[in-house]
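Residue-level structural notes
Residue-level listing of the chains:
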Amino acid sequence: MTTALAPASDIESPRALPQLLTYLRGPVGSIALMLAAVVVIGAISVGPAFFSASNVRIVGVAVAIPLIVGVLASFALLAGVVDLSIGSMVGFGAVAFNQIVASGVNPWIAAGITVVLGVVVGSINAFVIVGLGAEPLAVTLGMLTLLRGVCQAIVVQAPPTTLIEPLYDVTQGTTFGMPTLLLIGIGLTLVAAGVVSKTRVGRKIQAVGGDPRAAQRAGISVVKVRTVALIVSAVGAAIGGIFYVGQLGSASNILGTGLEFQIYAALMIGGYSITRGGVGNPIGALLGLLVVAGITNILNVSFIDPDYLDLIVAVILLAAVLVDRFRGGDAFE
Amino acid sequence: MTTPTLTADPAAPRPSARTARSDAGSRTTVRDALSIAAVWFLLAAATTIVRPDFLSSQSLLAITFTMAISGVLSVAQGIVVIGGGLLDLSLPVALVVSAWATVTLLGAGIPDLIAVLCGIVSGGVWGLMNGLIIVYGKLNPIIVTLATGFGGLAIMMIGFKSAQIPSGSALRAFGLGQFLGLPNIFWPMLMIVGLAGLAIAWTRWGRRLTAVGGNPQAARARGVSLRRVRLATFSGAGAVAGIAGVLFASVTPSFTPNAGASYQLIVIAAVILAGISLSGGKGNFLVLLLSVGFLSTIPVSIAFFGLPPAFALIFQGALLIIAVGIDGFRIKRGAR
């Protein structure tokens, strides 16, 4: 939605035009064009109701938690270590937080414990992947299954319901007419984008993801960067779980199932890769998630079978990685 | 299975290098086989001590029943991994595509044999589609099969909510039957594991597969067409997944499009536990059979221990993490 403003702003300064063109040719540019296309399709097929405050809020609420989880998980992708376990980690975080709060513990302490659990899971992932040198995909697939098993072992019957007022206000409330949680997510995205593109830390992460050996020779600690990235990813998922409890008032043992694929599909559409590091920008992650959320919304409003969403996402995903390859991305063979 | 006719001569053997490598290879294979067999034995022994009634034909039936379908699907995944195709994440969908094709044709009154063949072919076509996208798009197989798995599942969800095998069909009778005290479906699995093992070791196709998986550049330099081998790898794996789908259809009275999802982890875990490294080029199907057997025993043991089924997920996940951890550590130490 912000992209509609982009062409208008470059008319003011003619020098920005070539810069903008190179930008549009990059991954963030093509995803911005795709988002514009989704908005146009939404405007045509749904009509003015697509831009109504209530509809924008629905999209915003739906995209906020995946955005927070996705932006923090994107650091692991950028560092070249995919973390598939985030879906179950969101579920585990939510279940743990919900059960601890239901047992009478202060919500702030419960949130602290949940974040610590995220750190523990992230550290285990990091130890096996970075310390022992195992394949990240396989390790985190194992962690995905393990944590889902833990969720099912903890929540056997109907989970307890919890209502935490301040958390409910954050997850369901609005600030300046926008969902508060979405503003938090966008703020986080902008901070993350700044870190990735403007700071030394960001360049280090990109270097590690792009070519770990070269980064090592340049004196960057690959072990440290990847360990921190994996912990950040797991903690992000734990925080996402806490927010889901705020939104839903409870946590079932299937919460977060398949979320990792939704998030990574959106991130890959936005220019990240789950098989090589060093590429992608948090802004792309935001736009990718908005594209998927926009399509979801169009399908919902038009009463179309939601199964079409996965089909459309799959096609866009293939198209996005193909475009990325034509742009000079890694070719397989 | 597809045997591609390649124009170039088979890879020229380099005696000294080959024997040295296969010696080291067979030593790790034996070690893998022994360690998996030992852990399997320990699990069975521990379960027997806690619950002596574990040693019964009932548990044997349950274990071999689980082994059958996941075993065939593991062979499919094993072919992809050995061939350097990284992973095929869409295999569970290939299984359901084939099962759906089989039961639909059976329901339409098509003879069993033709329906079964069409089911297997539909799996092969699914694999060929993956292969074409991977080879001509030059895209990473993990991402491609993630997307096609996603999309394929969505198409099936749109197309049907659940599918039933006609209860009077010969295939259903086969699925319910037993032979030598074990489920009928166990025996085709054993045959496929054996055939795949022999094909890898003794046929030109198998040698090409391991050559391309181990070192694609070297294989290409010797005149092996990467494209054809890759296409054959993914279609062959798809066809084997198609066989798994037929077996699945024969034992499942009714299934939903998502029915294959539960096999994803156990199959990948079995392949990695069997020492079939994701970097490709090596693997032994006999070890794979052991690892499938071990992983299939876990849920049965969990049930005998009186633990809820969720613990099977915890154990299988933890095992996968430990197995890849050990594998990674071994490679890292070897590289130094």
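**A closer look at the overall build of chain B**
Check the secondary structure of chain B and you find 13 helices and four strands. The C-alpha atoms of chain B give a radius of gyration of 20 Å, which matches the 20 Å a tight globule of 336 residues would have. Counting only C-alpha atoms and orienting by the principal axes, one finds that chain B spans roughly 55 × 50 × 35 Å. With 336 residues in all, chain B has 52% of them scored as buried. Within chain B, counting contacts between residues at least 6 apart in sequence, those at least 24 apart form 81% of the total.

**Some words on the overall build of chain A**
Along the backbone of chain A there are 15 helices and two strands. Taken over the C-alpha trace, chain A has a radius of gyration of 20 Å; the compact-globule value for 333 residues is 20 Å, and the two agree within 12%. Along the longest, intermediate and shortest principal axes, the C-alpha atoms of chain A span 60 × 55 × 35 Å. Expressed as a percentage of its 333 residues, the buried residues of chain A come to 51%. Restricting to contacts in chain A with at least 6 residues of sequence separation, those with at least 24 account for 79%.

**Structural notes on helix α3 (residues 91–107) of chain B**
With 17 residues, α3(B) extends 24 Å between its outermost C-alpha atoms, agreeing within 8% with the 24 Å of an ideal straight helix rising 1.5 Å per residue. Where α3(B) ends, the next residue or the one after it, B:G109, has phi of about 85°, a positive value.

**Section: the interface of chain A and chain B**
Taken together, the 38 residues of chain A in the interface contact 41 residues of chain B. When residues of the side of chain A that touches chain B are traced back to their parent elements, those giving at least two are α7 (136–154), α13 (259–269) and α15 (307–326) of chain A. When its residues are assigned to classes, the side of chain A that touches chain B shows 25 nonpolar, six polar and seven charged.

**Observations regarding the packing of helix α4 (residues 53–78) of chain A against α13(A)**
All names here are of chain A. The interhelical angle for the contact between α4 and α13, taken along N-to-C directions, is 70°, at an axis separation of 10 Å. Comparing the axis directions of α4 and α13 gives the class roughly perpendicular. With respect to the hand of their crossing, α4 and α13 are arranged in right-handed fashion. Of the residues in α13, those in contact with P66, V69, G70, A73, S74 and L77 of α4 are L259, Q262, I263, A266 and L267.

**Quick word on the nonpolar core**
Counting residues in each nonpolar core, the largest one holds 216 residues, and the members touching the most others are A:M268, A:L317, B:V72, B:A76, B:V240, B:A244 and B:L288. Beyond its immediate chain neighbours, meaning those up to four positions away, A:L317 contacts A:A265, A:M268, A:I269 and B:A147.

**Thoughts on unusual backbone geometry**
The phi dihedral of A:F303 falls on the positive side, at around 55°, and the residue is not glycine. Considering the arrangement of structural elements, one finds A:F303 in the loop between α14 (282–301) and α15. With 7 C-beta atoms counted inside 10 Å, the residue A:F303 sits in the exposed group. Unusually for a residue other than glycine, B:L86 sits at a positive phi of about 60°. Residue class for B:L86 comes out buried when judged on the 23 C-beta atoms lying within 10 Å of it.

**Notes on the environment of B:D327**
Take B:D327: it is sitting in helix α13 (residues 310–335). Separated by 50 residues in sequence, B:D327 and B:S277 place their C-alpha atoms 7.8 Å apart. Sequence-distant contacts of B:D327, that is, excluding residues within four places in its chain, are made with A:A134, B:I272 and B:S277.

**Section: the packing of α4(A) against helix α12 (residues 222–248) of chain A**
All names here are of chain A. Running from amino to carboxyl end, α4 crosses α12 at an angle of 170°, the nearest separation of the two axes being 7 Å. Here α4 lies roughly antiparallel to α12, going by the angle between them. Together, I65, I68, V69, L72, A73, F75 and A76 of α4 and A229, L230, V232, S233, V235, G236, A237, I239, G240, F243 and Y244 of α12 make up the contact between the two elements. Residues that form the contact of α4 with α12 fall into these classes: 15 nonpolar, three polar and no charged.

**A short note on helix α10 (residues 200–210) of chain A**
What α10(A) keeps buried is the set A:I205, A:Q206, A:A207, A:V208 and A:G209. Next to the buried residues of α10(A) lie α4, α11 (212–217) and α12 of chain A.

What counts, and where the lines are drawn
Residues numbered from 1 in each chain as written. Chains lettered and ligands numbered in written order. Predicted model: local features only at pLDDT ≥ 70, side-chain atom pairs only at ≥ 80, totals over all residues. Helix = DSSP H or I, 4+ residues; strand = E, 2+ residues; numbered from the N terminus. Rg over C-alpha atoms; globule rule 2.2 N^0.38 Å. Buried ≥ 20, exposed ≤ 12 C-beta atoms within 10 Å, placed from the backbone. Contact = placed C-beta atoms within 7 Å. Expected span 1.5 Å × (residues − 1). Nonpolar A, V, L, I, M, F, W, Y, C, P; charged D, E, K, R; others polar. Axes fitted to C-alpha atoms, helices over the stretch in contact; angles between N-to-C directions. Parallel < 35°, antiparallel > 145°, perpendicular 65-115°, else oblique. Left-handed = near helix turned anticlockwise from the far one by under 90°. Core = buried A, V, L, I, M, F, W, Y, C linked by C-beta atoms within 7 Å.

By themselves these figures say nothing about function.
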